[in-house]
There are 2 protein chains.
Amino acid sequence: MTGRDGGADIGPIGNSPVVVLVRPQLADNIGAVARAMANGGLFHLRLVAPRDGWPQEKAWRNASGADRILDALTVYETVAEAVGDLHRVFATGGRPRHIVKPVLTARAAAAELRAVCARDLRAGVLFGPERAGLDNDDITAADVLVRYPLNPAFMSLNLAQAVMVLAYEWWTATEETVPRQLVTHETRVATKGELDNFLGHLVGELDACGFLRNPPKRPGMVRNIRHFFGRGEVTEQELRTLHGIVTELAHGHERVRD
Amino acid sequence: MTGRDGGADIGPIGNSPVVVLVRPQLADNIGAVARAMANGGLFHLRLVAPRDGWPQEKAWRNASGADRILDALTVYETVAEAVGDLHRVFATGGRPRHIVKPVLTARAAAAELRAVCARDLRAGVLFGPERAGLDNDDITAADVLVRYPLNPAFMSLNLAQAVMVLAYEWWTATEETVPRQLVTHETRVATKGELDNFLGHLVGELDACGFLRNPPKRPGMVRNIRHFFGRGEVTEQELRTLHGIVTELAHGHERVRD
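Computed from a prediction, not measured in an experiment: that's the story for all the values here.

About the cut-offs
- Residues numbered from 1 in each chain as written.
- Chains lettered and ligands numbered in written order.
- Predicted model: local features only at pLDDT ≥ 70, side-chain atom pairs only at ≥ 80, totals over all residues.
- Heavy atoms only, no water.
- Pairing = 2+ DSSP bridges.
- Helix = DSSP H or I, 4+ residues; strand = E, 2+ residues; numbered from the N terminus.
- Axes fitted to C-alpha atoms, helices over the stretch in contact; angles between N-to-C directions.
- Contact = heavy atoms within 4.5 Å.
- Buried area = accessible area lost by both parts, 1.4 Å probe.
- Salt bridge = Lys/Arg side-chain N within 4 Å of Asp/Glu carboxyl O.
- Nonpolar A, V, L, I, M, F, W, Y, C, P; charged D, E, K, R; others polar.

What am I meant to see in the sheet that holds strand E6 (residues 123–127) of chain B here?
Strands belonging to one sheet form pairs held by backbone hydrogen bonds; the direction of such a pair is parallel or antiparallel. All names here are of chain B. Spatial strand order, E3-E2-E1-E6-E4-E7-E5: 7 strands in an open sheet with parallel pairing. Each end of this open sheet is capped by a strand with a single partner; those strands are strand E3 (74–76) and strand E5 (103–105). The mean angle between the axes of side-by-side strands here comes to 30°, regardless of whether they run parallel or antiparallel. One ladder, built from 3 bridges, connects strand E4 (residues 88–92) with strand E7 (residues 144–147); its direction is parallel. The partner of Thr 92 across the bridge, within E7, is Val 146.

So, in structure tokens, the structure goes:
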């Protein structure tokens, strides 16, 4: 990124989960996150709309040698773009309202991440901005919420501490978890980007047919739709079928009418 | 300490392990440590010879509301004083040379800490200074070393991250651990201060009789002696017996000779 070639050799980089910092505020914290990640064997970092832009010299100063993680990180404008090529997304520390998602402890999430990665699927974990945490829209992009079992009278992890606990659990989780093969070999799990592409198609058609005509209600309705289709693993084959269904429903009668 | 009355209610304070920061350098880190502790239900903080003195305003600014831990912390000149009233001492992150001590992972240490505290004994965990870590003398004061199972290619936790992992494991460890009752009810486990008092007695007599007359070798010999007597739990009854033995060995023959 900025042409540094310092930093420590941080070990072999396999298929490990991507850490996604959503709207991070302080470059110091981004550096501390990289340091925490390297300790726990996480190497892939993505930023969504960092408040002060990127790169920031301060991050490298605070990374304690985990330069390679910072050198290689990628920046996105939206959460959807940042998770587009992933298959499974976890969200930490959000305060979801009116959203029902599976919840796992950090330890159970780490075991699940191991299982997902052992199947050669790509996983990511979202961490929200320092003060506010993830908002409802961010959380909608996730399949699973991660809960940290900590002192309920004082729950106030800083960003790097939150990443540290997850990285520690990731490293501690054995790789022996038996992969749960939910999908046959004739197809493959769709990426978040492929799912997003379908949802764009669907919402576009719903706008066109007037289903989403009530502007104040539209965001919540779209979220619920995304939510429904994002539940569980969708295969690439299923998505093609769904695309067909939407197209046919929206335009099939036009052809019949002609 | 400095008359603050802000900060969050951080929950009930039971018999939980004392965190002992040995020669900490940065007040920022002391604040971040307090924050990490509160998250994991640890409330007792002690400092040994903080580099920049105490109190330091910066620590409160970095504690995110865990003010009560900082308000109540106590400062000592030496590790021996800081652990004087404790029964079991753990040391993290040291690089011991020529020292054989039991080693536990952070998770196993947390279970052990739960067991010790369930017996109403007082436990403490030493964390070394930011750069150097604990030295051999510091580690001699400990019964058990704690190992963090993290990426061997990049082991570089900052102080608050190291405390965070331990606090997280402390909170996560169940309290259901069956206390291992090693001591009968006729006596009680000696504190580190009582043990230290005996060791002072012993070393004084060894100096007086010339056993420790080789100055370059003296520190290592003293360390080995402390090490031997500090291994396992010593009861208050045993210490009285040992005091008697040393006194008799050193001076009994004088009385006989008179």
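When you look at the interface of chain A and chain B in this model, what are you seeing that I'm missing?
Interfaces are often sized by the accessible area lost when the parts come together. The interface is formed by 36 residues belonging to chain A together with 36 residues belonging to chain B. Here chain A and chain B share an interface that buries about 2,800 Å² over both sides, 57% of which is from carbon and sulfur atoms. Contact with chain B buries surface across chain A, with A:Asn39, A:Phe154 and A:Tyr168 losing the most and accounting together for 26% of the total. Linking chain A with chain B are 2 salt bridges. Put simply, the parts of the chain that give the side of chain A that touches chain B at least two residues each are helix H1 (27–39), helix H5 (106–118) and helix H7 (159–172) of chain A. Sorting elements by how many residues they give to the side of chain A that touches chain B places H7(A) first, with 8 residues. Residues belonging to the side of chain A that touches chain B are distributed by class as follows: 21 nonpolar, 11 polar and 4 charged.

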